[in-house]
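Tertiary structure, described
If you want the building blocks of each chain, they are given just below.
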Amino acid sequence: MKVKMKSKSGATKRFKKTANGFKRKQANKSHILTKKTPKRIRQLRGLKMVAKCDEAAVRRMCPYL
C-alpha cells in the first residue's frame, strides 16, 4: 500500500502551477502601506515567477500541485 505525501498547507495557498513553473505574489504589499510611495506600491502589483533555484523546494512542499 502506497502512502500519500502531505503537502505543506501554507505553500499550497501561496503558489500556483503554470506551464513555465510556479507563480507567486510579491512581498511587502500586505500592511504598513502608508509609508510606501505610490510608485513602489504600484510596482508590487501582479504576480512573479518563482526563481529556478527555488522551484525544487516548492515542488517538495507541494507534491500534488
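Residues numbered from 1 in each chain as written. Predicted model: local features only at pLDDT ≥ 70, side-chain atom pairs only at ≥ 80, totals over all residues. Heavy atoms only, no water.

**Thoughts on the pairing of strand S2 (residues 21-25)**
Examined bridge by bridge, strand S1 (residues 16-18) and S2 share three bridges and lie antiparallel to one another. Paired with Thr18 across the bridge in S2 is Gly21. Between S1 and S2, which pair antiparallel and follow one another directly, the connecting turn spans two residues. Examined bridge by bridge, S2 and strand S3 (residues 47-49) share three bridges and lie antiparallel to one another. By the bridge assignment, Arg24 is partnered in S3 with Lys48. (Pairing = 2+ DSSP bridges. Helix = DSSP H or I, 4+ residues; strand = E, 2+ residues; numbered from the N terminus.)

**Structural notes on the side chain of Glu55**
On the secondary structure map, Glu55 appears in helix H3 (residues 55-61). For Glu55, a relative accessible area of 10% translates into the label buried. Each residue touching Glu55, except ones within four places of it in the same chain, is listed here: Asn20, Gly21, Phe22 and Val50. (Buried < 20%, exposed > 50% of the residue type's maximum accessible area, 1.4 Å probe, protein only. Contact = heavy atoms within 4.5 Å.)

Keep in mind that these numbers describe shape and distance, not what the molecule does.
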